[in-house]
Amino acid sequence: MKRLTTALLAALDALIVVAIGVGIALVPLTVLWATQFDMAVNWLVFWRAAVDVWLVGNGVDLVVQLDPTLVAALNLPGSDAAFPITIALLGFALMAVLFGLRTGRRAAETPYRWVGVTGAIAGYALLTALLVLSAGTDAVRPQTVQGLVLPPLIFAAGVLIGAGQGQLGRLIGSIPGLPGRLPGVVRGAGRGATGSSADSAGNVASVSGSGAGSSAGKSVHGLNGTSNTSNTSNTSSNTSSTGAAAGLLPVAVRAGAAAALRSGTAAAAGILCVSGITVFVLILTSYATIIGLYETVQAGVLGGIALTLLQLSLIPNLVIWAAAWFAGPGIAVGVGTSVSPVGTSLGAVPGLPILGVLPQGSLAFGFVGLLVPLLVGFLAAVILRQRATADVPPSISERLLTGLGTGFVAGVLLGLLAWWSGGALGPGRLVEVGPNPLLVGALVALEVGIAACLGLLTPAPPVGANGSGRGATGGMPGTKPGTKPGTKPGTKPGTKPATASRAARSGTSGVGRLLGRLRAALPRR
């Protein structure tokens, strides 16, 4: 496949993604234009409305100026002046990211990965510019700069993640001290280390050296007594550049930052998972209320379809709002309103049936929701603690700093999502809809941080000599319970040396261990 072909196919993917995003709103509006308006109205009005919905779904702000006749019919305070719509319908953004992941993976399968990535992003940006230029009217005006920048950035995030999948992990994994360790002394760092590795022939080798990061004098001796230094020298050359950059910070700082980033992201994802399940349950249990609100709106068949699509695009917003409710601040559905674990105080709300899932009045056990960030943060820290592979346990201060960093990362992530999920939904009191991002971020950081500190202070299982995290054996480090002192690790008591060597060579995998046992059971010649 040539470079030009790769770029054109990637641009075609971008065209399909844009067409699907705009078509979700355009198709029902076009059917409405043909059936309800008998094609008497200019179709471009519906085209611009569909593009405006797509732009709002990608985080672009709109400025709306209603017609005086419509203002008199609605009788909404503040609707006579121009008002902004800044709330993002995150379903469109989520769809763009998912399609971008698919486009990035397809580009990664070609010989010209970054040509495809560039073609997709450039094509998406060009199509977005054309849509922004065709959407502006005196009644509804999108913010031009946001329209030109935000949709391509959202799509580009998915494309880059899909195209570079695994590369970031390999880059981080090549830095000494970063891969998944709590603060402490990393095995083999700063002292002599002896371990085992397998060469390309599958033989177990013993690696000995004066210290991690020094390749001088390091040799690999196989069981047959031969010396293989090529593997060690290649590994040292591959990590020399990253080791120089990583040496700017202490190992404990690098390891603690990586652990906090990973556990904080996991905690934020866990809170969102609980929130998604809660929203699903609320929709099921509030089904009768939602249907009653549908009947009150009286939008008809086509209007009901368009209204349903609009509400589906708001589902990610509701999930983030549920996370804000669990954190404590809750959300506002208009100025002076509040929906929180303490209680609900609502006035007139927008006529969206999906808002029927909002709780009413005070909840007797609403405070139980505050336990969700605490439990999720505690579990994330406990899992991180159990997977730690440092030889020397970290100090209490290092654990506390890692726990506070976990809360900080989770608070920043959920605070940004809360900021993106809220905004102005209409004139007057509807200029404030959604959570307060600063309160959400601060409380999540506090709750998750405290719980993570407690989780990291829990005792972890003793780490064996092989770093597997299994309990202590009472014998030599790394030996199984019941193994006699002096017996080679991984060798059954009473096994002869030849059989032990055979079992060691075949014990590098599950199939190898099975073959080793079969060989040990066979009579020797």
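Structure: see above.
Throughout this description, residue numbers start from 1 for each chain and increase along the sequence as written. Two thresholds apply to this predicted model, a pLDDT of at least 70 for residue-level local features and 80 or more for giving and counting side-chain atom pairs, whereas whole-chain, interface and lining totals are computed over all residues. Side-chain calculation: all heavy atoms of the structure are included, whereas hydrogens and water are not.

Draft legend 1. Representation of the overall build of the chain. Working definition: helices are DSSP H or I runs of at least four residues, strands are E runs of at least two. Numbering for both runs from the N terminus. Helix and strand counts for the chain stand at 17 helices and 10 strands. Partitioning the intrachain contacts of the chain with sequence separation of at least 6 by distance along the chain shows that 70% fall at a separation of at least 24. Of the accessible surface of the chain, which amounts to about 27600 Å², a share of 68% is contributed by carbon and sulfur atoms. Here a residue-residue contact requires only that any non-hydrogen atoms of the pair lie within 4.5 Å. Areas reported as accessible are Shrake-Rupley estimates using a 1.4 Å probe. Residue values count occlusion only from the protein chains shown.

Draft legend 2. Representation of the nonpolar core within the structure. Note on terminology: a nonpolar core comprises buried Ala, Val, Leu, Ile, Met, Phe, Trp, Tyr and Cys residues joined through side-chain atoms within 4.5 Å. The classification of residues rests on relative accessible area computed with a 1.4 Å probe and restricted to protein chains. Under 20% of the type maximum is buried, over 50% is exposed, and intermediate values are partly exposed. Within the largest apolar cluster, 74 residues are counted, with the highest numbers of intra-cluster contacts made by Val22, Trp54, Leu55, Tyr124, Phe155, Ile331 and Val444. What Ile331 contacts, discounting residues up to four positions off in sequence, is Trp321, Ala324, Thr337, Ser338, Val339, Leu358, Gly434 and Pro435. In this structure, Ala259, Ala381, Leu384 and Ala452 belong to the second largest nonpolar core, which totals 5 residues.

Draft legend 3. View of the layout of surface pockets. Note on definitions: the grid is 1 Å and covers protein atoms alone; a cavity is a set of points where a 1.4 Å probe fits but cannot get out; a pocket is an open set with protein on both sides within 12 Å along at least five of seven lines; lining residues have an atom within 4 Å of a point. Grid points are joined across faces, edges and corners, and a volume is the space filled by probe spheres set on the points. Approximately 1900 Å³ is the volume found for the second largest pocket. Taken together, 49 residues form the lining of the second largest pocket, with Ala49, Val53, Leu66, Ile85 and Leu310 sitting closest to its centre. If you list the elements that add at least two residues to the lining of the second largest pocket, you get α1 (3–35), α2 (43–57), β1 (62–64), α3 (68–74), β2 (83–85) and α11 (300–313). A total of 7 residues in the lining of the second largest pocket trace back to one element, the largest contributor, which is α2. Class assignment of the residues belonging to the lining of the second largest pocket gives a composition of 39 nonpolar, 6 polar and 4 charged. In this classification, the charged set is Asp, Glu, Lys and Arg, the nonpolar set is Ala, Val, Leu, Ile, Met, Phe, Trp, Tyr, Cys and Pro, and all remaining amino acids, among them Gly, are polar.

Draft legend 4. Representation of the sheet that holds β1 within the structure. Read across the open sheet, the 3 strands follow the order β2-β1-β3; overall the sheet is antiparallel. For this open sheet the edge positions go to β2 and β3 (140–142), each flanked by a neighbour on one side alone. With strand direction ignored, the average angle separating the axes of adjacent strands in the sheet is 25°. DSSP-based pairing: two strands are paired if at least 2 bridges between them are found. Note: β1 against β3, 3 bridges, orientation antiparallel. To get an axis, a line is fitted to the C-alpha atoms, and for a helix only the part in contact is used. The angle between two axes follows their N-to-C directions and goes from 0 to 180 degrees.

Draft legend 5. Inspection of the pattern of salt bridges at higher detail. Only one rule defines a salt bridge in this text: a Lys or Arg side-chain nitrogen within 4 Å of an Asp or Glu carboxyl oxygen. Summed over the entire model, instances satisfying the criterion amount to 1 salt bridge. When the shortest N-O distance is used, the salt bridge between Asp13 and Arg106 registers 3.4 Å. You can see Asp13 sitting in helix α1 and its partner Arg106 sitting in helix α4 (residues 90–108), a full 93 residues away along the chain. Taking the relative accessible area as the measure of exposure, Arg106 reaches 42% and is therefore partly exposed.

Draft legend 6. Just unusual backbone geometry, in detail. The backbone of Asp38 sits at a positive phi, close to 50°, despite the residue not being glycine. Accessibility expressed as a relative area gives 59% for Asp38, which makes it exposed. If you check the backbone angles, Met39 has positive phi at about 60° while not being a glycine. By the secondary structure assignment, Met39 is in the loop between α1 and α2. Overall, the relative accessible area of 52% leaves Met39 in the exposed class.

Draft legend 7. Inspection of the packing of α1 against helix α5 (residues 113–135) at higher detail. α5 packs onto α1 with a crossing angle of 40° between their chain directions and a minimal axis gap of 7 Å. Classified by the angle between their axes, α1 and α5 sit oblique to one another. Relative to α5, the crossing made by α1 is right-handed. Of the residues in α5, those touching α1 at Arg3, Thr6, Ala7, Ala10, Ala11, Ala14, Leu15, Val17, Val18 and Val22 are Val115, Gly116, Gly119, Ala120, Gly123, Tyr124, Leu127 and Leu131. Classifying every residue of the contact of α1 with α5 by side-chain character gives 13 nonpolar, 4 polar and 1 charged. Here the word oblique covers every angle except those under 35 degrees (roughly parallel), over 145 (roughly antiparallel) and from 65 to 115 (roughly perpendicular). Note: crossing handedness is left-handed where the near helix turns anticlockwise from the far helix by less than a right angle, and right-handed where it turns clockwise.

Draft legend 8. Up close: empty space enclosed by the protein. Inspection of every chain in the model, using the stated rule, returns 2 cavities of 30 Å³ or more. Put simply, the largest cavity is a space of about 80 Å³. Lining the largest cavity are Ile87, Leu314, Asn317, Leu318, Trp321, Val333, Pro350, Leu352, Ile354, Leu355, Leu425 and Val433. If you tally residues by element for the lining of the largest cavity, the top one is helix α12 (residues 315–327), at 3 residues. Here the residues of the lining of the largest cavity sort into 11 nonpolar, 1 polar and no charged. The wall of the second largest cavity is formed by Ile320, Ala323, Ala324, Ala327, Leu414, Ala418, Val440 and Val444. Per-element tally for the lining of the second largest cavity: the top contributor is α12, with 4 residues.

Draft legend 9. Layout of a nonpolar patch on the surface. Together, Phe365, Phe367, Val368, Leu370, Leu371, Leu374 and Leu375 line one region of the surface with nonpolar side chains, adding up to about 660 Å² of accessible area. Assignment of secondary structure puts Phe365 in the loop between β9 (344–345) and α13 (371–386). Surface patches are defined over residues having more than 30% relative accessible area and no salt bridge, joining like charges when they lie within 9 Å and nonpolar side chains (Val, Leu, Ile, Met, Phe, Trp, Tyr) when within 5 Å.

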